[in-house]
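Residue-level structural notes
In case you want the letters, here they are:
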Amino acid sequence: MTPPSDSTRPAGPSTPPSPEADPPPPPATVRALPGHVGGEVALSGWVQALRVHARVAFVMLRDGTGTVQCVAVRSQLSEEDWALATTLGQEACVEISGSVRADARAPGGHELALSGLRLIGPSEDFPIQRKEHGVEFLLDHRHLWLRSGIQRAGLRIRAEVEQAIHDFFYERDFVRIDTPILTGAIGESAGTLFETDYFGDPAFLAQTGQLYVESACPAFRKVYCFGPTFRAEKSKTRRHLTEFWMIEPEVAFADSDDNMDLQEALICHLVARVLERCPTELDLLKRDRAVLEKVRPPFPRISYGEAVERLNAGGRDFEWGRDLGAVEETTISSWYDRPVFVYNYPKEAKAFYMKENPDDPRTVLCNDLLAPEGYGEIVGGSQREDDLDRLQARIREEKLPEEAYGWYLDLRRYGTFPHSGFGLGLERTVGWIAGRPHIRELIPYPRLINRLTP
Ligand code: 4AD
Ligand code: MG
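All values derive from a computational prediction rather than experimental measurement.

**Overview of the overall build of the protein**
The helix and strand tally for the protein stands at 14 helices and 16 strands. When its C-alpha atoms are laid out on the principal axes, the protein stretches across 85 × 55 × 45 Å. Counting the 454 residues in the protein, one finds 50% classified as buried. Sequence-distant contacts, at least 24 apart, represent 66% of the contacts inside the protein between residues at least 6 apart.

Shown next, in the form of structure tokens:
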């Protein structure tokens, strides 16, 4: 009987079957083991752990699709194979053949009765042991730490969220626009720029793709960009990276309320997708799913002014005009059981491109979305200033180099239009969904103020 094909691998180029030779069995993976029960397979992977007794040894094999226990019985193996099986180093790469048994007691529900093995790549003294290591040590060994269970779970959720983001926008007819990383204009604020030399002139690593993505609205109406962004922020907190990934949609003829509706729909879509597709990962991370199941529309919306009043009524002494900090954000989010929008911040607390609020010109039509459980701001968005004179005045007020924004101002000269958009920080969003304490674990290679390697 031919074992069922392994759905996790793409089909290779087909070769005509030779009448003489038996075709080799298709390569199996741990994830596909349920389709191989009773059959023989060869699995390639890495030795996650080894337990050796006098007559039996247990090799935990991880192949990237899952982990399976392989049972080596001394009396059933050659001397050589037994010697190899019982001296495998942690993270050695091996090919293990054997027959597949279903066993409810085995982790994952299946087990391999080992009949042969081949060493592909030896490993001795793997630096990360099954004990507590300091975080700096783990970050120094990030290239090896990626293999551990918690890290794999977090990064798999990240990959699912990335895919879910693309699906969400694709299904809603957004066109993806890739924006430049090397830029000549300041996107957000002058204080946090990484500057580099561009053939004798200064260039900046993009803080945002927003200004560019705005320019694509008249071409495609609904657009988004998704890429790495950079902030030379000297913040050493659990929610700051110097390089992070941001998703930035921009929609023509959408106002600030429409903008919040879109954020709400996106967040609900992402959370539902992770609940549906990553239950194993959430369990491994001990994430309380009940908290995520509450993430449904509508999200509460509170103006900045109301939030300040309520903070002060609760004993704070928070001055109107300041940006909300982590402490205030945590307090505000503790009032609700789902993400909360805080809208219409004072002009001075926000970036130059936000549209003045016609009902209260001290404020701008913008919002932050605060995640529950103290995870803070995961999205920042606004309606954009579409009036040429007001935008120019704001650029001057902020003392930004006007000549660098000539092209951006052109968007207000040639068919200006109401539009809104937002930026969702990928690592902060995934950190919250996965319930991890620090966002550095939700990016394969975190860049932090004191860390550029590995
Ligand atoms: O609020 P920010 O600075 O907004 C913008 O960059 C706008 N141009 C977005 C837009 O309207 N198109 O950043 C947006 C989000 C934040 O809410 C946060 O989730 C994330 O980006 N973020 C960071 N994530 C990790 N480390 C940092 N240093 C971050 N700074 C911002
Ligand atoms: Mg912000």
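**Details of unusual backbone geometry**
With glycine set apart, most residues show a phi of negative sign, and most peptide bonds adopt trans. For the bond running from proline 297 to proline 298, omega is -5 degrees, close enough to zero to count as cis. Relative to the helices and strands, proline 298 resides in the loop between helix 9 (289–293) and strand 12 (301–303). Cis peptide bonds are those with omega within 30 degrees of zero, and the linkage from threonine 453 to proline 454 qualifies with -5 degrees. With respect to the element layout, proline 454 can be found in the segment after helix 14 (426–434). Positive phi values are uncommon outside glycine, yet arginine 221 reaches one of about 75 degrees. Not every positive phi belongs to a glycine, and phenylalanine 253 is a case in point at roughly 65 degrees.

**A few points about the nonpolar core**
Of all hydrophobic cores here, the largest spans 42 residues; its most connected members are Ile157, Val161, Ile165, Phe169, Ile267, Leu424 and Trp432. At the level of elements, helix 4 (149–171), strand 10 (222–230), strand 11 (243–252), helix 7 (256–277), strand 14 (366–371), strand 15 (376–383), strand 16 (419–425) and helix 14 are the ones that each hand at least two residues to this core. The biggest single contributor to this core is helix 7, with 9 residues. Non-local contacts of phenylalanine 169, meaning those with residues more than four positions away in its chain, are made with Phe174, Tyr224, Ile247, Pro249, Leu262 and Leu266. Core analysis: the second largest hydrophobic core is formed by 30 residues, Phe204, Leu324, Met354 and Leu391 among them.

**Quick look at the domain arrangement of the protein**
Under the domain assignment, the protein is made up of domain 1 (33–121) and domain 2 (143–442). Inter-centroid distance (C-alpha atoms) of domain 1 to domain 2 is 46 Å.

**Thoughts on the sheet that holds strand 4 (residues 93–102)**
If you walk around this closed barrel you meet the 5 strands as 1-2-3-5-4, and the pairing is mixed. Shown here is a sheet whose adjacent strand axes are inclined to one another by a mean of 55 degrees, direction ignored. Examined bridge by bridge, strand 1 (residues 40–52) and strand 2 (residues 56–62) share 6 bridges and lie antiparallel to one another. Note on strand 2: the bridge partner recorded for valine 47 is leucine 61.

**Details of the side chain of glutamate 214**
As for its position among the elements, glutamate 214 is in helix 5 (residues 210–215). Within the structure, glutamate 214 has its side chain in polar contact with the side chain of histidine 419 (distance 2.7 Å). If we ignore the near neighbours within four places in the chain, the residues touching glutamate 214 are Glu250, Arg384, Tyr408, Leu411, Arg412, Phe417 and His419.

**Some details on the site of ligand 1**
Ligand 1 sits among 23 residues. The nearest are Glu188, Gln210, Glu233, Glu248 and Glu377. Backbone polar atom of leucine 241 to a nitrogen atom of ligand 1: 2.9 Å apart, as the coordinates give it. In the model, an oxygen atom of ligand 1 is placed 2.9 Å from a nitrogen or oxygen of the isoleucine 378 main chain. Here ligand 1 loses 93% of its free accessible area of 630 Å² to cover by the protein chains. Of all the secondary structure elements, the ones that give two or more residues to the shell around ligand 1 are strand 11, strand 15 and strand 16. A class-by-class count of the residues in the shell around ligand 1 yields 8 nonpolar, 7 polar and 8 charged.

**Side note on the sheet that holds strand 8 (residues 195–198)**
In space, the 3 strands of this open sheet follow the order 7-9-8, with antiparallel pairing throughout. Here the strands that pair on one side only, and so sit at the sheet edges, are strand 7 (182–183) and strand 8. Of the strand pairs in this sheet, strand 8 and strand 9 (residues 201–205) are connected by 4 bridges, and their pairing is antiparallel. Looking at strand 9, one finds that tyrosine 198 is bridged to aspartate 201.

**A word on the pattern of salt bridges**
For the structure shown, the criterion picks out 35 salt bridges. The partner of glutamate 281 in a salt bridge is arginine 156, with the nearest N and O atoms 3.6 Å apart. Pair noted here: glutamate 281 is in helix 8 (residues 279–284) and arginine 156 is in helix 4, with a separation of 125 residues, a long-range link. The network of salt bridges with common partners includes Glu160, Asp167, Arg273, Glu276 and Arg277.

**Some details on the side chain of arginine 231**
Tracing the backbone through its elements, the reader meets arginine 231 in the loop between strand 10 and strand 11. Residues contacting arginine 231, with those up to four places away along its chain left out, are Glu188, Thr192, Phe194, Gln207, Leu241, Thr242, Phe244 and Met246.

**Looking at the state of the cysteines**
The final tally for this structure, using the stated rule, is 0 disulfides. Looking at cysteine 70, it has no disulfide partner, and the nearest cysteine sulfur is the one in cysteine 93, 13 Å off. Considering cysteine sulfurs only, cysteine 268 is the nearest to cysteine 278, which forms no disulfide, with 17 Å between them. For cysteine 278, a relative accessible area of 1% corresponds to the buried category.

**What about helix 14?**
Structurally, the α-helix is built with 3.6 residues per turn, so residues lying three or four positions apart point the same way. Most of helix 14 sits inside the fold, with 9 of its 9 residues counted as buried. Those residues of helix 14 that sit buried are Leu426, Glu427, Arg428, Thr429, Val430, Gly431, Trp432, Ile433 and Ala434. Looking one or two residues past helix 14, glycine 435 carries a phi angle of roughly 70 degrees, positive in sign.

**Points about a nonpolar patch on the surface**
Among the surface-exposed residues, Leu182, Tyr198 and Phe199 lie close enough to one another that they form a single nonpolar patch of about 380 Å² accessible area. Tracing the sequence through the fold places phenylalanine 199 in the loop between strand 8 and strand 9. Given a relative accessible area of 75%, phenylalanine 199 falls into the exposed group.

Cut-offs and rules
Residues numbered from 1 in each chain as written. Chains lettered and ligands numbered in written order. Predicted model: local features only at pLDDT ≥ 70, side-chain atom pairs only at ≥ 80, totals over all residues. Heavy atoms only, no water. Helix = DSSP H or I, 4+ residues; strand = E, 2+ residues; numbered from the N terminus. Buried < 20%, exposed > 50% of the residue type's maximum accessible area, 1.4 Å probe, protein only. Contact = heavy atoms within 4.5 Å. Core = buried A, V, L, I, M, F, W, Y, C linked by side-chain atoms within 4.5 Å. Domains from an automatic or database assignment. Pairing = 2+ DSSP bridges. Axes fitted to C-alpha atoms, helices over the stretch in contact; angles between N-to-C directions. Polar contact = N/O pair within 3.5 Å; in protein donor to acceptor, adjacent residues only side chain to side chain. Near = heavy atom within 4 Å. Areas by Shrake-Rupley, 256 points an atom, 1.4 Å probe, with all protein chains shown as cover. Nonpolar A, V, L, I, M, F, W, Y, C, P; charged D, E, K, R; others polar. Salt bridge = Lys/Arg side-chain N within 4 Å of Asp/Glu carboxyl O. Disulfide = S-S within 2.5 Å. Patch = residues over 30% accessible without salt bridge, like charges linked within 9 Å, V, L, I, M, F, W, Y side chains within 5 Å.

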